[in-house]
Each structure stands twice: as structure tokens, then as C-alpha cells.
Amino acid sequence: MNALITSAPLLLRRRGALADALPVIAFTAATAIIATVIGGAAAFARRIPADLTGPVSAEAQLMPFLMLCALFASVLLIPSAVGLGGSAARLSLARRERDLAAIRLVGGTTAQVGGIAVLDVAAQALLGAAAGVVVHMLAAAPLTALDFGITPFTVGELLMPWWAYPLLIAAVVLLAAASAAVSLTGVVLSPLGVARDSRTVRMSVLRLLIWGALIIGFLLFMQIMPMIDSQGSNLGMVIAIGFVAAIVAGMNVAGPFLVWVAARIAAALAPAPALLVGARRLAADPRAGWRAVSGITFAMVIAGFLTIIATIEPSTPEDQMLVTALHTGGMLTLGIAAVLAAVVTGVTQTARVIDHAPQIRAQHIAGAEVSQLYRARLAEITLPVLLSSVVATFTAFLVLLIVFGGGAADARTVILYFLGVLGAYALVVAAVLVSAPLVRRAALRTA
């Protein structure tokens, strides 16, 4: 036990500023996005009059619908932000696998190793969550300058109640601890198992079937939704929003399976060594490959939804107020999604280079040129990006087709959507450029 206490701080020493900063950056972005989205939705909710039957202004009459739109944006953004927090916890834990296995060698029990791992992740989550709250508060003032076509919001309206911030920080820390605990199977392996990286990747077609079931359920529900809302209730709209959120979240269930299948096919048919290496890396860890592009996929879906809003033409002052609110709210949602995508992509791609540094070094020693390692990494990134484009396009236009009918996809909407896709690809290029120097550093580092 004394050896364990003495060795744990040494074994868990920080490996480098960049590797340790990545999880904290992810926790910061996740917390800031969650707080900003919840605060914005609450701001619309506070402006709904208690009694809509009496004489109220046009702005007050519009608030219930805008609240539903804010709820729709929330159910799209918050799960993705929560997923970023979970990924940050797994990233932090993955960085410690060999250290924690070494603790077991000096006498640590499974419970002791698990406790050290969870506490290490929770500490990083606490630091990132506190920083995220600060970022959210600093962003509130600039957000008041946005034109929603209604009375401008104040900073106080966009902030959550004071008691909500400790709860949010505690929730982020608990999420991180829970994600670390679930992911502990990798570090509770024997030290030999960790050293050999002995994991078996299993992907089930059930992932794809679950996503398909959600789509079919949404299609069937839209047939009966008019009957549910015929009495003036918004219950059908709320359920439909839940279905859309579930379908978007379901992309992250089906995505790893699609990456795994495509990577195995690409590895079998690879005409060049670089593509073979990249495809095999993806096949070995399809979940990480999909996580690297999940934020981009989500941003492309949001861009697809925005194409409809962009084509709405107002005819009355009330319509102008609504269209302005939808345009501003939609662009704000896309902006937050872009930030989320940039953080997810940059953090995940950089982390993958750090994780694969020993393999990159070994391949270089075996004779691979640095340029070949770059091409292998490019192949590893390109395949999930192409898949994400297909999945995002299918999801966005399927939802729009079900909700709005065949007129949703005219030439203007298609052009606007593909402009959004080009923006998503720009994020990928930026992520590759940011992590590219790390490939050379890993290949040329001395033992």
C-alpha cells in the first residue's frame, strides 16, 4: 500500500502540456455550450406571458413558438455537447492506461486503480467545467447584440440562476467520472494485456437497425401528428422534436458501424500502403474514427435544416419578426455547432496522433517516409469524413422531406447546403494542419 501511495503521483505525472490540455479544452467547450444553450432557452421561456387569452403584443404571441424553436435547438446541441464531455473523459483515461497498469504491478488492486483513474479524470473535468462557466458568462454580453426581431435580451436574461452553475459543474464532473468508470475495462486488463493493447473490436448491425427504427417511427408518427395537435395542443410538435433529436443522436450509434464496414472494405481493396495502414487503423478503432467527425456531421445536419429557414419570405410585419428570429436563431445554432465541431475535430484528431505516436515511430524506423505517414493519416481521416457527408446529407434531407414534403429540396436549398458542407470540410483541413506537425515529431523523436 505504501508503495502504491508513493508511486501513484510519479506514474500519473503529466506527460506533456498538449496531451493534458486536450481533455480540459473539451470539458470547457462542453460546459460553455450547455450553459449558453440552457440560458438562451430559459430567456425565451421567461418572456411567455402567463395568460395568452387576453390582449397581448405580437411579440408575446410569438414567444411560445420561439420557445419551441429554442427547445429544438437545445435538444440538438446539448446531447452533442454532453457527448463531447464523455469523449473528453475517455480521452483522459486513455492517456493513462500504461501508467495505471504499472500501478497494478506495484501492488494496486482493481478498486485502487479505478479510484485513481476516476479521480484523475474528475480533476480535469472540474477544471474544465469551471473554465466553461467563465467562458459562458463572458459570451453573454456579445450575445445580447444579436437581432432576433424582438426586444433585445439582457445579460441577466441569458445567464442561468446562480444556483444552476454549481449543479452544472457537478453534473459535468459526475458525467466524466461515470464515463471513466465505464471505460475502465481497458485499464483493468492485466499489465501484459495493456502492453499488448489486446482489445477485440466488435461492431453489430444492430446499431444500424436501431437508427433505421427511429427513422421509421418518425415517419409513422408524422402521419398521426395532425390528429394529436388538432385540439390546439403542442404535444405532437414536442414529440416530433424528440424524434428528430433521437434520429440525429442515432447517427452516433450507426456511424461507428458504417466506419468499421467501410474501413474493412477499404483495407481489403487498398491499392497503396498508405490507404491500407489508414484503413486498418480505422477498423481497429471505428468508434474513435467516428468521434473525430461526429461534430462535423452534426454541423452539416444543422446546415441542412437552415436551408429551409433561409428560403422563407416574409409578407407581414409579424412574419418579418418571425423570420428574423428564425434566421438569427438558426445562424446562432449553426455557429455553436461549428464551434462544437471544431473542438471535437481538433481535439480528437490531435489526440489520435498522440495515441498512435509509438506506432508512427515504429513505422518510420521500419522504413516508412514521413510523407507516407502523412498520406496514411490523410486516408484515416478522409474515409470517415466522406461517410459523415453521406450520413448528414441523408439525415437532413430525409427529415426535411418528411416534415415539409418534396418541395423542400429546390436548387437554392441544395446550393446553401453544399456551402455548409464546404465549411465542414474546411474544419477537417484545419484539424489536419494543426495535427500534421505532431506526425513528424512522433516519427523523428528519439527513444
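Along each chain, residue indices are assigned from 1 in the same order as the chain's sequence is written. Side-chain atom pairs in this predicted model are given and counted only at pLDDT of 80 or more, local residue features only at pLDDT of at least 70, and totals for whole chains, interfaces and linings cover all residues. The side-chain values count all of the structure's non-hydrogen atoms but skip hydrogen atoms and water molecules.

Caption draft 1: Local environment of the packing of aromatic side chains. The rule is short: rings of Phe, Tyr and Trp, with Trp giving its six-membered ring, pair when the centres are within 6.5 Å, and they are stacked under 30 degrees, edge-to-face over 60, tilted in between. All chains considered together, the criterion is met by seven aromatic pairs. Between phenylalanine 44 and phenylalanine 148, the ring centres sit 5.7 Å apart and the planes meet at 85°, which makes this aromatic pair edge-to-face. A residue pair is termed long-range when its members are at least 10 positions apart, and phenylalanine 44 in helix α2 (residues 17–46) and phenylalanine 148 in the loop between α5 (110–143) and α6 (155–158) qualify at 104 residues. When accessible area is computed with a 1.4 Å probe and restricted to protein chains, residues below 20% of their type maximum are described as buried, those above 50% as exposed, and intermediate ones as partly exposed. Phenylalanine 44 gets classed as buried once you look at its relative accessible area, which sits at 9%. We classify phenylalanine 148 as buried; its relative accessible area is 9%. Look at phenylalanine 218 and phenylalanine 243: their rings are 6.0 Å apart centre to centre, the planes differ by 40°, and that puts the pair in the tilted class. Secondary structure follows DSSP: runs of H or I at least 4 residues long count as helices, runs of E at least 2 residues long count as strands, and numbering of each begins at the N terminus.

Caption draft 2: Just the nonpolar core, in detail. Think of a nonpolar core as a cluster: buried Ala, Val, Leu, Ile, Met, Phe, Trp, Tyr and Cys residues, connected wherever their side-chain atoms sit within 4.5 Å. Ranked by size, the top nonpolar core spans 79 residues in total, and within it Leu84, Phe218 and Phe298 carry the most contacts. Viewed by domain, this core spans two of them, domain 1 (16–185) and domain 2 (204–446), each represented by three or more residues. The contact criterion used is simple: two residues touch if any of their non-hydrogen atoms lie within 4.5 Å. Ignoring anything within four residues of it in the chain, the contact list for phenylalanine 298 reads Leu76, Leu77, Ser80, Val248, Ala337 and Leu340. If you look at the next biggest cluster of nonpolar residues, it comprises 14 residues, including Phe44, Met63, Ala140 and Ala325. All the domain ranges listed were derived from an automatic or database domain assignment.

Caption draft 3: Seen up close, helix α11 (residues 273–284). Given a helix with a known number of residues, its expected span is that number minus one, times 1.5 Å. Counted at 1.5 Å a residue, the expected span for α11 with its twelve residues is 16 Å, and the 16 Å between its end C-alpha atoms agrees. When α11 is considered as a whole, its buried residues turn out to be Ala274, Gly278, Ala279, Arg281, Leu282 and Ala283.

Caption draft 4: Local environment of a nonpolar patch on the surface. Residues enter patches when they are more than 30% accessible in relative terms and free of salt bridges; like-charged ones are connected within 9 Å and nonpolar ones (Val, Leu, Ile, Met, Phe, Trp, Tyr) within 5 Å. For the accessible areas, the method is Shrake-Rupley and the probe is 1.4 Å, while residue cover comes only from the protein chains on display. When a carboxyl oxygen of Asp or Glu is within 4 Å of a side-chain nitrogen of Lys or Arg, the pair counts as a salt bridge. Residues Val205, Leu206, Leu209 and Ile210 make up a contiguous nonpolar surface patch of about 370 Å² in total accessible area. Classification of valine 205 as partly exposed rests on a relative accessible area of 44%.

Caption draft 5: Inspection of the pattern of salt bridges at higher detail. Taken as a whole and judged by the stated rule, the model has one salt bridge. Ionic pairing is found between arginine 47 and glutamate 157, a salt bridge with its closest N-O pair at 3.0 Å. Here glutamate 157 lies in helix α6 and arginine 47 lies in the loop between α2 and α3 (58–94), a separation of 110 residues in the sequence. Both residues of the pair, arginine 47 and glutamate 157, count as buried.

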